[in-house]
Amino acid sequence: MRQYILRRLLIAVPSLLGISLVLFTVLALAPGDPFSELATNPNVPPEVGLALRAKFGLDDPIYLRYLHWLLAMAQGDWGFSFVSRMNVDTLILQRLPTTLYVIGSAQLLALLVAIPVGVYAATKPYSMFDQIANTLAFIGFSLPTFFTGILFILIFSITLDWLPFVYTTDIKATGVHWFIEALRQAIMPVMVLGLFQAASMTRFVRSAMLDVIRLDYVTTARAKGLGQARVIVRHVMRNAMIPVVTLIALQLPAVFGGAIVTEQIFRIPGIGSLLISSILSNDTPVVMAVTFVFACLVVLFNLVADVLYGWLDPRISLR
Amino acid sequence: MLDTELRMMVDEVKDGRMDRRAFIQRMIGFGLTAPMATQLLAIGGVAMAQSPSPYKPTKRGGGGPLKLLWWQGPTLLNPHFATGTKDQDGSRLFYEPLASWDLDGNLNPILAAEIPSIQNGGLAADGKSVIWKLKPGVKWHDGKPFTADDVVFTCDYANDLATAAVSIAVYRDLKVEKVDDHTVRVLFNSPTPFWASAFVGAYGCIIPQHLLADYKGAKSREAATNLAPVGTGAYKFVEFKPGDLVRGEINPDYHMPNRPYFDTIEMKGGGDAVSAARAVIQTGEYDYAWNMQVEDEVLLRLEKGGKGKTVYATGGDIEFIALNNTDPNTEVDGERSSMKTTHPLLSDPAVRKALALLVDREAIQKVIYGRAGRVTANYLNGPGQFVSKNTSWEFSVEKAIKLLDDAGWKPGADGIRAKDGKKLKLLYQTSINAPRQKTQAIVKQACQRAGIELELKSVVASVFFSSDVANPDTYAKFYSDLEEFQIPMTQPDPALHMKRYVSENVATKANKWQGQNFPRWANKDYDKVVEAAETETDPVKRAGLYIKANDLLWEHTVFVPVLHRLKVGASSNTLKPVISGWANDTDNIQDWYQERET
C-alpha cells in the first residue's frame, strides 16, 4: 500500500510539470497584456507601460519566464500579482474561506438531498416518488446555474425582497445577528449550486443502489427475516456507496476551485471570481497559481479516491 | 409644438430624468437666455439650483454606512500605481489631492488653503510657476502632520522611473520646491497654461513621505502602505481585499468642518453593471453604483417605482469612428497601415464626407445610448469655452449619394460603388460591447443604401485596447479602414486630448505602436495650432486655437464623432453624491451626504 502511494506520488511529479508547462504556454500565447488600461489613457506616457513590462519580466522569452516561475514555485513563492502588486498567496488565502464555506455547504446540501432521495427512489423503482424525483433531477441538471441564479434573484430578492443578492464578507452585526445574516446571504448561492449537484448525484445514487438491490445476498438477507430498513441501510447501502464515495472524493477539488459563474452572479469573493477577473485583466501569475493549485488538488484527490476505493472494497488490490 | 415639448422637459427635470444644466443648455439652443431658462424651471415647480455642492449636514458623522458598488472592484490602493479608474476611485477614499474638480470643471480646494490665481499671486504671469498654499493643521491618519515635504516627495516618488508610477507623465516636466512648511512652488520647463494637472485629481493625490520614503524607486512594490493606505482623507482605512472590498471608517480629525457625513464607507467589487443597477435602483441594497454601462431602456424600466435613480455628469468623453489615413492592406517594411502609404479609398475627401453623412447620430443616441449621450459634430466637447460652434453635422443618404456620384464613384452591378477599379468596401472594427455592435449595424445599413459595403469586425476589449506589440487586432495598429471606440477626457482641459493627433505622435512600428495618433493623421496646420496653444497663456486666444484644431479635425473628417458621452451612475433616491464629469466619481467623496426624509 505504502509503496503504491509512493509510486503514484512520483508519477504525479512529471504530470504536474507537464500541466504547468501547458498552462504557462497557453497563457503566454493568449493575447492581451496586464497594462492595457494604460494604453487609452492620455495621461500615461507609453514609456511607463514599457517600464512596467520590463519590471515584471514580460519582455523575456517564454522559456525563461517559465523557468523563473518554476524555480520560484519550487521554493514556495507563488508569484506576484501584476494588477494588485501583492503576493499571490495572500490574495488566494484571502479568498479561500469564503469559497470553502459556500461551495462546501453546497456540496453538503447536495449529499443531504441526493443520498436519501436516491436511496428511497431505488427501493421503490418506477413508483410515483421515483418518477417525480427523476423528473426533478432531469430538470435540475439541465438548467444551468447562471439561469437558476438569476431566476432566484428575480424571485427572492427583487419580487419578494426576502434575501440580499450581493454577498458581502463584511457583515455589520455581531453574535446571533451576524450568524443569521451570514446564513441569509448564503442561502441563494448554496441552493443554486447544491441543487444542481444534488440532481446529478441523485441519479447516480439511485442507479448504484439498483445495481446492488437485485443481488442474491439481498434476497438472502430478506429471507432471513430482516426488516426493510435494516436490509437497505446495512446491506445494500454499504455496498452501493462505494462508487458514490469515489465520486465525492473526485468532486472535492471543486470545493477549493470555486464556482466561476455562480460567484460572479452573487458577487461572492471566492477563488472562482478571482480566477475570472485575473483572466480578464491578464494577470498571469494569479491565473497560473490558481489553475496550478487546482491541478495539484485534482491529482491528489484522484489518488485519495483510488486509495479509498481499495480500502472500502477489499476485493480491489492496489499494487 | 414648443409648448408640449417644453412641458415634457420641465417634467423630466422635476423627476430627475434630465439635469438642470442640460435643460438650460437646450433652452439656450432655442434662443432663450440662461436666467430665463432658470425662471422657466422655477415656474414649473423645480427647486432653484444652489451653488456647487450645497453641503447641508451640520455635524460630522451620524450618517451610518455609505455602501458603494463598483462592478469592478479596486485591485490596488496606491493612487500612483492606479492603472484603472476603479483603482483611482478606491485610492481616493483615503488619499487627497491639493484640489479636486467640481461639477462645472472648476477647482475646489482640498488640501490647498486656496486655489492659486493671478490675483492672489499664486500664478506667475509668464505661466512658468505656480505657488500652492497648503492648509495648515492637516494630519495624516496616523497623526503625523501634513507638510510641504509630503508634496515635494510625491513629485519625486512619481518621477522616479524605477518606481514605475503611472502618474509619471504629470510630474515629468516640472520641479517642485518647498518655500516653507505650508507653501510649495511648482516650476515648469516651459509656459504651461493648464497648470492644474499636478497635485489635482486622481494622480494628484499626496502620499505620506514618512511612510513611503524608504520605498521610492525599485523597492516601491514592497511597501506595506500600498495595501494599507494612510492618507489625509475623510475616511480612514480599515480593510482591503483586492477585487472584492475596500472598507473605511470616519476620520474624526478630518480637516473640513462637518465632514464627512457617513460613519463608515465600503466599496464592494465584482459582478456586472446590470445587477449593480438592480442592487441600487431596485432593491436598495447599495447606495451608489458607478459606470452604468447599461442600455437606457433597461435603466428606465428599473427606475419605475424603484428605490433609486440614475445620475449623470457631463465631461468630454467622445465616442467616435476614426478613418484610417494609411493603407491597412499593404505591408511596407513589415508594417501595415504604414505612414509610407495612403489609403486607396479614404484619401478621397468625398468618401470621408459621405461617411460622415451616413452615420445617423440621432438614431444612435435615441435607440442605444438614450440619456447617456448627446449628438455632436465636434471631437472636442468641453469645457464650454473650447467647444466649436463653427461645425455642423447631418444624416442624409441622398446627399452622400450625390457626393459620391459627383466624385465619380459609380455603382456597379452588385450595387457597390467603384472608381478606377477600386470598390468601396471598408472594414469597420470596434471592441465587443453591445451598444457598439448596434452602432455598427446602424451605420452599415445606411452605407449599404449609399452603395458602400462595410464589413464589420469586433474584437474582445482586452485585446483591442492592449498594448501587446505582437497582436494585430489592437486599436493602435489600426489594421482596418474604420474603427470605433471612446476616448475619455481625463481633465477639464483639451491639451492632452488634442496633442494626441500631432504628426510626431503617429503610431508606427518604430515606436512599437505606442504613439497615440492612431488615425495616422499628419497635417502641418494642425501641428502648428496645437503647438501654439500649448504655450499660449492668454485664455481666450488659447481657446480659439483649440477650437481651430477641432475644426481642422472636422474639416478633414479625421473622425466621425458618434456621441458626446455622459458619465452615468446609479444612486439611491436619498443619497446626494457629488459627481463631476471631469474627475473620478469619488473625487469629491467628502461632500457626499444623505438627505433624510422629513
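Every chain's residues receive numbers from 1 upward, in the order its sequence appears when written. A letter from A marks each chain and a number from 1 marks each ligand, given out in the order of writing. A pLDDT threshold of at least 70 governs which residues receive local features in this predicted model, and a stricter bar of 80 or more applies before side-chain atom pairs are shown or counted, although totals over entire chains, interfaces and linings include all residues. Computation of side-chain values: all heavy atoms of the structure, hydrogens and water removed.

## Some thoughts on the side chain of B:His255
All names here are of chain B.
Here comes step 1: Segments assigned H or I by DSSP are reported as helices when at least four residues long, segments assigned E as strands when at least two residues long, and all are numbered from the N terminus. Along the chain, His255 turns up in the loop between strand E8 (245-250) and strand E9 (264-269).
Here comes step 2: Among the polar contacts listed, one links the side chain of His255 to the side chain of Lys135, at a separation of 3.2 Å.
Here comes step 3: When checking whether two residues touch, look at their non-hydrogen atoms; a contact exists if any pair is within 4.5 Å. For His255, the residues in contact, after removing those within four places along its chain, are Glu96, Ile110, Leu111, Lys135, Val138 and Thr232. Pairing of N or O atoms within 3.5 Å defines a polar contact, subject to two protein rules: one partner must be a possible hydrogen donor and the other a possible acceptor, and residues neighboring in sequence count only if both atoms are side-chain atoms.

## A look at the packing of helix H8 (residues 175-213) of chain A against helix H10 (residues 228-257) of chain A
Residues and elements named next belong to chain A.
Here comes step 1: Whenever a helix is involved, its axis is fitted only over the stretch in contact; in every case the axis is a line through C-alpha atoms, and angles between N-to-C directions fall within 0 to 180 degrees. The contact between H8 and H10 brings their axes to 9 Å, and the two run at 140°. Judged on the interaxial angle alone, H10 and H8 are oblique. Here H8 runs over H10; the crossing is right-handed. For the pair H8 and H10, contact is made by Gln197, Met201, Phe204, Val205, Ala208, Met209, Val212 and Ile213 and by Ile232, Val236, Met237, Asn239, Ala240, Met241, Pro243, Val244, Leu247 and Gln251, respectively. The labels follow the angle: roughly parallel below 35 degrees, roughly antiparallel above 145, roughly perpendicular from 65 to 115, and oblique for the rest. By the definition used in this description, the sense in which the near helix is turned from the far one sets the handedness, with an anticlockwise turn below a right angle giving left-handed and a clockwise turn giving right-handed.

## Describing a nonpolar patch on the surface
Residues and elements named next belong to chain A.
Here comes step 1: Exposure above 30% relative accessible area and no salt bridge define the residues that can form patches, which grow by joining like charges within 9 Å and nonpolar side chains of Val, Leu, Ile, Met, Phe, Trp and Tyr within 5 Å. Every accessible area reported is derived by Shrake-Rupley at a probe size of 1.4 Å, with residue values counting cover from the shown protein chains alone. When a carboxyl oxygen of Asp or Glu is within 4 Å of a side-chain nitrogen of Lys or Arg, the pair counts as a salt bridge. On the surface, Phe146, Phe147, Ile150, Leu151, Leu154, Ile155, Leu160, Trp162, Ile260 and Val261 cluster together to form a nonpolar patch covering roughly 850 Å² of accessible area.
Here comes step 2: Of all the elements in the fold, those that place two or more residues in the nonpolar patch are helix H7 (145-159) and helix H11 (260-266).
Here comes step 3: With six residues, the top contributor of residues to the nonpolar patch is H7.
Here comes step 4: Relative to the helices and strands, Phe146 is located in helix H7.
Here comes step 5: Here's how the labels work: a residue is buried when its accessible area is under 20% of the maximum for its type, exposed when over 50%, partly exposed in between, all with a 1.4 Å probe on protein chains only. Since its relative accessible area comes to 46%, Phe146 is described here as partly exposed.

## Topic: the pattern of salt bridges
Two side chains that carry opposite charge are able to pair once their charged atoms sit near each other.
Residue and element names in this part refer to chain B.
Here comes step 1: Per the stated rule, a full pass over the model turns up 33 salt bridges over all chains.
Here comes step 2: Between Lys178 and Asp149 there is a salt bridge whose closest N-O contact spans 3.1 Å. Within this pair, whereas Lys178 is found in strand E5 (residues 174-180), its partner Asp149 is found in helix H5 (residues 148-159), the two being separated by 29 residues in sequence.
Here comes step 3: Given the relative accessible area of 36%, Lys178 is considered partly exposed.
Here comes step 4: Assessed through its relative accessible area of 29%, Asp149 is described here as partly exposed.

## Here we look at the interface of chain B and chain A
Here comes step 1: With 63 residues of chain B in contact, the opposing surface of chain A contributes 46 residues.
Here comes step 2: Where chain B meets chain A, there are one salt bridge.
Here comes step 3: In this structure, A:Asp161 and B:Lys307 form a salt bridge, with 3.6 Å as the shortest nitrogen-oxygen distance.
Here comes step 4: There are 10 residue pairs in polar contact (both at pLDDT 80 or more) connecting chain B and chain A.
Here comes step 5: Listing elements by their share of the side of chain B that touches chain A, those giving two or more residues are strand E1 (65-70), helix H4 (85-92), helix H6 (168-172), strand E7 (235-241), E8, E9, helix H8 (273-282) and helix H14 (461-464) of chain B.
Here comes step 6: At five residues, the largest contribution of residues to the side of chain B that touches chain A is made by H8(B).

## Overview of the sheet that holds strand E13 (residues 410-411) of chain B
Residue and element names in this part refer to chain B.
Here comes step 1: Here, a strand pair is defined by DSSP locating no fewer than two bridges between the strands. Taken together, three strands build an open sheet; the order of strands is E13-E14-E15 and the sheet is antiparallel. Two strands close off the open sheet at either side, each with one partner strand: E13 and strand E15 (422-423).
Here comes step 2: Relative to strand E14 (residues 417-419), E13 runs antiparallel, the two being bridged by two bridges. Directly across from Pro411, in E14, lies its bridge partner Arg417.

## Things to note about the confidence of the model for chain A
Here comes step 1: A residue's pLDDT is the confidence the predictor assigns to it, expressed on a 0 to 100 scale. Put simply, chain A has an average pLDDT of 84, and 94% of its residues get 70 or more.
Here comes step 2: Element-level pLDDT for chain A is lowest in helix H2 (residues 36-39) of chain A, with a mean of 60, against a maximum mean of 92 in helix H6 (residues 128-142) of chain A.

## Re the nonpolar core
All names here are of chain B.
Here comes step 1: The biggest cluster of nonpolar side chains holds 148 residues, and the ones touching the most others in it are Leu68, Leu98, Trp132, Phe199, Phe518, Tyr526 and Trp592.
Here comes step 2: Beyond its immediate stretch of four places on either side in the chain, Phe199 contacts Pro97, Leu98, Ala99, Trp132, Val151, Thr154, Cys155, Tyr171, Val176, Val186, Gly204 and Ile206.
Here comes step 3: By size, the runner-up hydrophobic cluster in this structure holds 31 residues, among which are Leu323, Leu346, Val397 and Leu454. We call a set of buried residues a nonpolar core when its members are Ala, Val, Leu, Ile, Met, Phe, Trp, Tyr or Cys and they connect through side-chain atoms within 4.5 Å of each other.

## Description of the side chain of A:Thr202
Residue and element names in this part refer to chain A.
Here comes step 1: Inspection of the secondary structure puts Thr202 in helix H8.
Here comes step 2: Note on Thr202: relative accessible area 9%, which makes it buried.
Here comes step 3: Other than its neighbours up to four places away in sequence, Thr202 contacts Ala114, Val117 and Gly118.

## A few points about H5(B)
All names here are of chain B.
Here comes step 1: An expected span of 1.5 Å times one less than the residue number is assigned to each helix. Given a rise of 1.5 Å per residue, 12 residues ought to cover 16 Å, and the 17 Å separating the end C-alpha atoms of H5 matches this to within 8%.
Here comes step 2: Burial within H5 is extensive, with nine of its 12 residues counted as buried.
Here comes step 3: Looking at the buried side of H5, the elements it contacts are H6, E5, strand E6 (183-188) and helix H7 (209-212).

## Details of the packing of aromatic side chains
Residues and elements named next belong to chain B.
Here comes step 1: Here a pair means two rings of Phe, Tyr or Trp (six-membered ring of Trp) with centres within 6.5 Å. Their orientation is stacked below 30 degrees between planes, edge-to-face above 60, and tilted elsewhere. Tallied over the full model, the rule gives 41 aromatic pairs over all chains.
Here comes step 2: Note on Trp132 and Trp195: the rings are 5.9 Å apart at their centroids and 65° apart in plane angle, and the pair reads as edge-to-face. Residue Trp132 is found in strand E4 (residues 129-133), and its partner Trp195 is found in the loop between E6 and H7; the two are separated by 63 residues along the sequence. As far as burial versus exposure is concerned, Trp132 and Trp195 are alike and both buried.
Here comes step 3: Geometrically, the ring pair formed by Tyr288 and Trp592 is edge-to-face, given 5.0 Å between the ring centres and 75° between the ring planes. Residue Tyr288 is found in strand E10 (residues 288-289), and its partner Trp592 is found in the loop between strand E20 (575-576) and strand E21 (593-594); the two are separated by 304 residues along the sequence.

## Quick look at the environment of B:Val359
All names here are of chain B.
Here comes step 1: Mapped onto the fold, Val359 is located in the loop between helix H10 (349-357) and helix H11 (361-369).
Here comes step 2: Separated by 217 residues in sequence, Val359 and Lys576 have C-alpha atoms that sit 37 Å apart.
Here comes step 3: Those residues in contact with Val359 that lie beyond four places of it in its chain are Ile321, Ile364, Trp393, Phe395, Val443 and Val560.

## Description of the pairing of strand E16 (residues 425-431) of chain B
All names here are of chain B.
Here comes step 1: Across the seven residues that make up E16, a large majority, six, are buried.
Here comes step 2: In the sheet, E16 pairs with strand E17 (residues 453-459) via seven bridges, with the strands oriented parallel. Note on E17: the bridge partner recorded for Gln429 is Lys457.
Here comes step 3: Whether a crossover is right-handed depends on one test, that the path from the first strand over the helix to the second runs clockwise when the strands point away from the viewer. In terms of handedness, the path from E16 via helix H13 (residues 434-449) over to E17 forms a crossover that is right-handed.

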